[in-house]
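Overview (structure and organization)
Single-letter residue listing:
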Amino acid sequence: MIEWLGISHLFELSQTEAIAGFFTPLAVFAAFFLAQLILPGRKVTGYVINRATGEPRNYRLNGILVFAIAVIVWAFELTGMPRDWFYRSSIYAVAGGTVFCIIFSFLAMLGRQQGETKNPFIAFWDGRSLELSLFKERFDVKR
């Protein structure tokens, strides 16, 4: 099947490269997370109401700046990673990204109080919280 699809070259990484490919999504997430925290952003008032205060939540926006820096880092190969790395490691990166998303989803679900939903599968699927705010509202995780 792999030969018929013409993707056998995506499985020809060395063991070290395959492991690096598996952890690539985690490294990219960490880099974007740090960029979101460090780079400046403008504050705007949102439409979601903070349950604790009854006031609209404040958001810090710096996505365009983070995106521009990510493109510059990739275009000039500032990480030392070859430009075709995301293509060559795509099979392993999809596997790693899936595993890490499942782990982070379980951690996010188990780290929140149990809501009205008692079925753990439905709680995992729907989430227990619409939004997690971290670092004094500097970083939000939304579902």
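Above this text you will find the structure in question.
The present account deals with the structure reproduced in this document. Small disclaimer: the values here were computed from a predicted structure and weren't measured.

Examining the overall build of the chain
- Scanning the chain from N- to C-terminus turns up six helices and four strands.
- Of the regular secondary structure in the chain, the N- to C-terminal order runs α-α-β-β-α-α-α-α-β-β.
- Every one of the 143 residues in the chain was classed for burial, and the buried ones make up 19%.

Some words on the side chain of S89
- Within the fold, S89 resides in the loop between α4 (85-88) and α5 (90-110).
- A distance of 2.7 Å separates the side chain of S89 from the backbone oxygen of W85, its partner in a polar contact.
- If near-sequence neighbours (up to four positions away) are discounted, S89 is found in contact with L13 and G21.

Some details on α5
- Counted at 1.5 Å a residue, the expected span for α5 with its 21 residues is 30 Å, and the 30 Å between its end C-alpha atoms agrees.
- What α5 keeps buried is the set A93, G96, G97, F100 and M109.

The rules behind each value
- Residues numbered from 1 in each chain as written.
- Predicted model: local features only at pLDDT ≥ 70, side-chain atom pairs only at ≥ 80, totals over all residues.
- Heavy atoms only, no water.
- Helix = DSSP H or I, 4+ residues; strand = E, 2+ residues; numbered from the N terminus.
- Buried < 20%, exposed > 50% of the residue type's maximum accessible area, 1.4 Å probe, protein only.
- Polar contact = N/O pair within 3.5 Å; in protein donor to acceptor, adjacent residues only side chain to side chain.
- Contact = heavy atoms within 4.5 Å.
- Expected span 1.5 Å × (residues − 1).

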